[in-house]
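Take a look at the letters that make up each chain.
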Amino acid sequence: MPYSVFTGRPTPAPGEPLFTPEDTAAAIALAEEERDTCPSCGLPKAWCRDSTNQFSVFETHEEQCHATYAMAVHRAKVTDRSDETKAATQLSVLFAAGRVPDFDAGLGLADSADRQNAPNDQAENEQGH
Ligand SMILES: [Zn+2]
């Protein structure tokens, strides 16, 4: 999808160009950035492959993705499928029942109960309460 359409430009009518010159420039810039980014470390290749950065320039930080851990535990328990079937099996994670976080926490939004009551509160206020 062209960036301009993604950000609100109406879908062009038949005969009009789908990609604006700005969309094309942005797509080329993205392709160049992806080409120049190391798939292993995520840094620009110009940095991570520069021989002057070989020693003592980078520090390693480690953290664990607990959702990926849960998928690894699940995958290790599966022993009754062929390697091909296991390789083709796509896993995903969801929060367990009763463990779903408050997705609005920290966003400065009124909690969902407040939002549900808001129209009634407003109606009461308009009635002079
Ligand atoms: Zn790298």
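Just so you know, these numbers come straight off a predicted model, no measurement behind them. Note on numbering: residues in each chain are counted from 1, in written sequence order. Owing to the predicted nature of the model, reporting of local features is limited to residues with pLDDT of at least 70; listing and counting of side-chain atom pairs is limited to 80 or more, with chain, interface and lining totals taken over all residues.

Peer 1: What exactly am I supposed to notice about the overall build of the protein here?
Peer 2: Assigned secondary structure in the protein consists of six helices and zero strands. Put simply, DSSP H or I for four residues or longer makes a helix, DSSP E for two residues or longer makes a strand, and each gets a number counted from the N terminus. Each helix and strand of the protein, ordered N terminal to C terminal, gives the series α-α-α-α-α-α. Here a residue counts as buried when 20 or more other C-beta atoms fall within 10 Å of its C-beta, as exposed when 12 or fewer do, and as partly exposed in between; the C-beta atoms come from the backbone. Sorting the 129 residues of the protein into buried and exposed places 0% on the buried side.

Peer 1: Got a minute to help me understand the confidence of the model for the protein in this structure?
Peer 2: The predicted structure's coordinates, where accompanied by low pLDDT, should not be read in detail. Per residue, pLDDT measures the predictor's confidence, with a range of 0 to 100. Of all residues in the protein, 84% have pLDDT values of 70 or greater, and the mean over the chain is 87. Mean pLDDT per element in the protein: helix α6 (residues 112-126) is the minimum at 47, and helix α3 (residues 45-48) is the maximum at 97.

Peer 1: What should I look at first to understand helix α2 (residues 21-35) in this one?
Peer 2: Three or four residues apart is the spacing at which side chains of an α-helix point the same way, because the helix has 3.6 residues per turn. The span one expects for a helix is its residue count, reduced by one, times 1.5 Å. The terminal C-alpha atoms of α2 lie 21 Å apart, and with 15 residues this matches the ideal 21 Å at 1.5 Å per residue to within 8%. Of all 15 residues that make up α2, zero are buried, and the element is exposed over most of its length.

Peer 1: What is the right way to read unusual backbone geometry from this model?
Peer 2: Phi angles above zero are rare outside glycine, and Ser56 is one such case at about 60°. Tracing the backbone shows Ser56 in the loop between α3 and α4 (66-77). Residue Ser56 is classed as exposed on the basis of its 6 C-beta neighbours within 10 Å.

Peer 1: Please clarify how α4 should be interpreted in this entry.
Peer 2: End to end, α4 covers 17 Å across 12 residues, agreeing with the expected 16 Å (1.5 Å per residue, within 8%). By the criterion of burial, α4 is predominantly exposed, with just zero of the 12 residues buried.

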